[in-house]
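Take a look at the letters that make up each chain.
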Amino acid sequence: MRHTMLLFSSLFLFACGPTKGPVTTVGASIFTSDVTTVVAENHGGGFVPTPPPGSACALGSAKYTLSVGSKLFDWTRCVSSGMMPYTVAKGSRTLTDAEYKNLVPYLENLTVVAGDGTCGADKGSLDVTITTPSGTQIYGDSFYSCSIKDKPLVKTDALDRLFGQLYTLAM
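Enquirer: Which residues make up the overall build of the protein chain, and what values go with them?
Expert: Of regular secondary structure, the protein chain possesses 3 helices and 8 strands. Listing every helix and strand of the protein chain by position from the N terminus yields α-β-β-β-β-α-β-β-β-β-α. Of all 171 residues assigned to the protein chain, the portion counted as buried reaches 37%. Here the analysis covers contacts within the protein chain between residues at least 6 apart in sequence; of these, 60% occur between residues at least 24 apart. Surface summary for the protein chain: the accessible area is close to 9700 Å², and the carbon and sulfur share equals 60%.

Enquirer: Can you tell me about the state of the cysteines, naming the residues and giving the values?
Expert: Summed over the entire model, instances satisfying the criterion amount to 2 disulfides. Disulfide partners in the protein chain, listed by the sequence order of the bonded cysteines, are 1-2, 3-4.

Enquirer: Now, about the packing of helix H2 (residues 97-108) against helix H3 (residues 156-169): what can you tell me, with residues and values included?
Expert: At a minimum axis separation of 9 Å, H2 and H3 run at an interaxial angle of 160°. Looking at the two axes, H2 sits roughly antiparallel to H3. Between H2 and H3 lies a crossing whose hand is left-handed. Between H2 and H3, the residues in contact are Glu-99, Leu-103, Tyr-106 and Leu-107 and Arg-161, Leu-162, Gln-165, Leu-166 and Leu-169, respectively.

Enquirer: Give a detailed account of the packing of aromatic side chains, specifying residues and quantitative values.
Expert: A full pass over the atoms with the stated rule returns 4 aromatic pairs. When the centroid spacing of 6.1 Å and the interplanar angle of 70° are considered together, the rings of Tyr-64 and Phe-163 count as edge-to-face. Taken together, the residues span a long stretch of sequence, with Tyr-64 in strand E2 (residues 62-67) and Phe-163 in helix H3 at a distance of 99 residues. Pair check on accessibility: Tyr-64 and Phe-163 agree, each one buried. Here a set of aromatic residues connected by ring pairs shows up, and it is made of Tyr-64, Phe-73, Trp-75 and Phe-163.

Enquirer: Please give an account of H3 that cites residues and values.
Expert: The terminal C-alpha atoms of H3 lie 20 Å apart, and with 14 residues this matches the ideal 20 Å at 1.5 Å per residue to within 8%. Every buried residue of H3 is listed here: Thr-156, Ala-158, Leu-159, Leu-162, Phe-163, Gln-165, Leu-166 and Leu-169.

Enquirer: How would you summarise the nonpolar core if you had to cite specific residues and measurements?
Expert: Within the largest apolar cluster, 31 residues are counted, with the highest numbers of intra-cluster contacts made by Val-38 and Val-128. Of all the elements in the fold, those that place two or more residues in this core are strand E1 (37-42), E2, strand E3 (72-79), H2, strand E6 (126-132) and H3. With residues up to four places along the chain from it excluded, the contact list for Val-128 reads Ile-30, Val-38, Val-39, Ala-40, Leu-110, Gln-137, Ile-138, Tyr-139, Leu-159 and Leu-162.

Each value, and the rule that gives it
Residues numbered from 1 in each chain as written. Predicted model: local features only at pLDDT ≥ 70, side-chain atom pairs only at ≥ 80, totals over all residues. Heavy atoms only, no water. Helix = DSSP H or I, 4+ residues; strand = E, 2+ residues; numbered from the N terminus. Buried < 20%, exposed > 50% of the residue type's maximum accessible area, 1.4 Å probe, protein only. Contact = heavy atoms within 4.5 Å. Areas by Shrake-Rupley, 256 points an atom, 1.4 Å probe, with all protein chains shown as cover. Disulfide = S-S within 2.5 Å. Axes fitted to C-alpha atoms, helices over the stretch in contact; angles between N-to-C directions. Parallel < 35°, antiparallel > 145°, perpendicular 65-115°, else oblique. Left-handed = near helix turned anticlockwise from the far one by under 90°. Phe/Tyr/Trp six-rings, centres within 6.5 Å; stacked < 30°, edge-to-face > 60°. Expected span 1.5 Å × (residues − 1). Core = buried A, V, L, I, M, F, W, Y, C linked by side-chain atoms within 4.5 Å.

These figures capture arrangement, not role.
Structure, rendered in structure tokens:
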């Protein structure tokens, strides 16, 4: 009986061990060792031209999804080709080990910051969603900290660099 209790206690502690994320502490990286999925999304906006008639998306809009364990990378982007209507381009592939290794520092540099009241207008609306076994958290762009009050913020420059890297990987 004692061995059975010890076994069940050990299994319980193993199954319910501590997790690290999602992180909301100012100064902490949101990319922890238990992150399973990262979704980076540009909802469009900022100072951009009106889409041509018949466009299927807003200029600049994009969504990038990384399944961390498998390194599966999916994307959807709005593509502009001159004066023609904007179209949606989709793709999916598995990142190589080298590509993933190069991407990790961009993810690790996403740190939570306190809002400083910045109120930008000339940039798309960006956010990142992190999923861990203990939950999901959406983080907003500190560039719009004057209007984002319902979620933690990440550094705008780190977020811009991540989007640049994701765009390159989706080419």
